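# Structure assessment
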Amino acid sequence: MTDDLRWSARWIWAEGAPRGARHVVALATSCDLAEVPTRVSARWCAVARAVVYVNGVEVGRGPVRSNPRRQPYEDLDLAPHLRAGTNHIAAIAVHYAGATPWYLPMPPFSSDLADGAFVFEADLGADKLVSDDTWTAQVLDGWGATSGGGVAGRGVELIDTRSLPADWAGAGLGGAVALRRATAVGEPGRSTPPSYPVGPFGPRPIAPLTAEPVAFVDAGDGTWRHGAVVAGTLVVEVEGPDGAEATVRIAEMVDADGVPVPGEHDAALQITCDGSRRLVESVDRFGGQGAVVDAADGVVVHTVGVVERLYPCAGDGGFACSDPLLERIHRVGRRTVTLNSDDAYT
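This structure is a prediction, so every number in the text was calculated from the model and none was measured. (Residues numbered from 1 in each chain as written. Predicted model: local features only at pLDDT ≥ 70, side-chain atom pairs only at ≥ 80, totals over all residues. Heavy atoms only, no water.)

Across the chain, pLDDT averages 89, with 94% of residues at or above 70. Segment residues 175–181: pLDDT under 50, and 20 contacts once partners within four positions in sequence are set aside and those in other chains are kept. (pLDDT = per-residue confidence, 0-100. Contact = heavy atoms within 4.5 Å.)

Computed from the structure, the second largest pocket encloses a volume of approximately 580 Å³. In terms of lining, the second largest pocket is formed by 24 residues, of which the most central are Tyr 53, Trp 168, Leu 279, Val 280 and Glu 281. Looking at the lining of the second largest pocket, the elements with two or more residues in it are strand E4 (49–54), strand E5 (57–62), helix H1 (168–171) and strand E19 (277–295). Broken down by element, the residue count for the lining of the second largest pocket peaks at 6 residues, all from E19. Class assignment for the residues of the lining of the second largest pocket results in 17 nonpolar, 3 polar and 4 charged. (1 Å grid on protein atoms, 1.4 Å probe; cavity = no way out; pocket = protein on both sides within 12 Å on 5 of 7 lines; lining within 4 Å. Points joined across faces, edges and corners; volume = space filled by probe spheres on them. Helix = DSSP H or I, 4+ residues; strand = E, 2+ residues; numbered from the N terminus. Nonpolar A, V, L, I, M, F, W, Y, C, P; charged D, E, K, R; others polar.)

Now for empty space enclosed by the protein. In this approach the atoms are scanned with a rolling probe the size of a water molecule, which exposes any empty space left behind. Across all of its chains, the model carries 1 cavity of 30 Å³ or more by this definition. What lines the largest cavity is a set of 14 residues, among which Pro 68, Gln 71, Tyr 103, Leu 104 and Val 198 lie closest to the centre. Tallied by class, residues from the lining of the largest cavity come to 10 nonpolar, 2 polar and 2 charged.

Among the 11 residues in strand E2 (residues 23–33), 9 count as buried, and that is most of the element. Direction of pairing for E2 relative to strand E7 (residues 85–95): antiparallel, over a ladder of 11 bridges. Its bridge partner being in E7, His 23 is matched across the sheet by His 95. Note that E2 and strand E10 (residues 136–139) share 4 bridges and pair antiparallel. (Buried < 20%, exposed > 50% of the residue type's maximum accessible area, 1.4 Å probe, protein only. Pairing = 2+ DSSP bridges.)

This part covers the pattern of salt bridges. For the coordinates displayed, the defined rule picks out 19 salt bridges. Close ionic contact of Arg 204 with Glu 74 constitutes a salt bridge, the shortest N to O distance being 2.8 Å. Residue Arg 204 is found in the loop between strand E13 (183–184) and strand E14 (212–215), and its partner Glu 74 is found in strand E6 (residues 74–77); the two are separated by 130 residues along the sequence. The exposure classification of Arg 204 matches that of Glu 74, with both residues buried. Ionic pairing is found between Glu 281 and Arg 309, a salt bridge with its closest N-O pair at 2.8 Å. Placement of the pair is Glu 281 in strand E19 and Arg 309 in the loop between strand E20 (300–308) and helix H2 (324–339), with a sequence separation of 28 residues. (Salt bridge = Lys/Arg side-chain N within 4 Å of Asp/Glu carboxyl O.)

For H2, which comprises 16 residues, the first-to-last C-alpha distance of 22 Å matches the rise-based estimate of 22 Å (1.5 Å per residue) to within 8%. Where H2 begins, one side-chain oxygen reaches toward the backbone nitrogen of Leu 325, 2.9 Å away; that side chain belongs to Asp 323. (Expected span 1.5 Å × (residues − 1). Polar contact = N/O pair within 3.5 Å; in protein donor to acceptor, adjacent residues only side chain to side chain.)

We now examine unusual backbone geometry. The omega torsion across Val 47 and Ala 48 is 20°, close enough to zero to call that bond cis. Here Ala 48 is to be found in the loop between strand E3 (41–47) and E4. Of the consecutive residues Gly 199 and Pro 200, the connecting peptide bond is found in the cis state with omega at -5°. A positive phi is found at Asn 55, a non-glycine position, where the angle reads about 55°. The exposure class of Asn 55 is buried, given its relative accessible area of 14%.

Take the environment of Arg 70 next. Mapping Arg 70 onto the fold places it in the loop between E5 and E6. Residue classification places Arg 70 among the exposed residues on the basis of a relative accessible area of 54%. Residues in contact with Arg 70, not counting those within four places in the same chain, are Pro 197, Val 198 and Phe 201.

The tally for this structure, following the rule as stated, stands at 7 aromatic pairs. Ring geometry for Trp 7 versus Tyr 73: centroids 5.5 Å apart, planes at 85°, classification edge-to-face. In this pair, Trp 7 is assigned in the segment before strand E1 (12–13) and Tyr 73 in the loop between E5 and E6, connecting sequence segments 66 residues apart. Tyr 73 carries the same exposure label as Trp 7, and that label is buried. Geometrically, the ring pair formed by Trp 44 and Phe 118 is tilted, given 6.1 Å between the ring centres and 35° between the ring planes. Of this pair, Trp 44 sits in strand E3 while Phe 118 sits in strand E8 (residues 117–123), placing them 74 residues apart in sequence. Residue classification places Phe 118 among the buried positions, given a relative accessible area of 1%. A network of ring pairs unites the aromatic residues Trp 44, Phe 118, Phe 120 and Trp 135 as a single cluster. (Phe/Tyr/Trp six-rings, centres within 6.5 Å; stacked < 30°, edge-to-face > 60°.)

Structure, rendered in structure tokens:
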């Protein structure tokens, strides 16, 4: 299936999604299997980025950054994540309002894919699981970002946990979330890829990034420290009254006492609580060696950390000499290159 240029799946998105503004949508479907095939080839793509889950477990992030006229798709084997009986497939997808350091928008006069789109298909043997109007989709209120400035152009990422139940990826969209049928988007008259200008064309050209959890240490003064720079998605376990907020500001630099000092170019994540204890992971990438937490009354931040998402550098090459300082410089340099090895050298 994944060698075919023409897709059976349709581009979909959530009804009522805003145009020209950053927004996040949740998409979901389910399928029943009498038994799990030995292999289930799947491929998917999004405009602009998405995280895909099977039965509540993350199985992919992407697509990789690319010229939007030659966007690769993500491909994987779903079989290890499926089970006999009902299976839930879900995605969190983000549409960016404009260019970011990691995303190049489509050219002018593109199709309505430029306003956000997701496509998914999996070969189940006798049948295919495809994205279409039987999926459910919801624009997530309170998920987005403030306007940014400076060189990075990043604002504060916003996540309102009240918009999405904690178990939604493993149980489907339901309960407090209003269900909507996903609408097909794409070129006029056709909503199946390949589509102008994005394609997608060809599978992911590089290996998946690592996913290594790194815990920060609570210093007891509103700061959380690690002692070395890490890069990936920010993960916060937080508990607080309905509507209360906690802001976590990442810091690349520390002062002479090791206290994190967020600067003007450092990013932040603001979480709105839903009255329960939630584990929240950012959509965007963060980097730093500590964080400063500003929480409203009644809000408890239990853990702060980063899931490092870097290119899986391999090899036994190294450097050794009689000067410990030169050896340390080499280690620092190698780590610096690794930190800037995402889905492209940054």
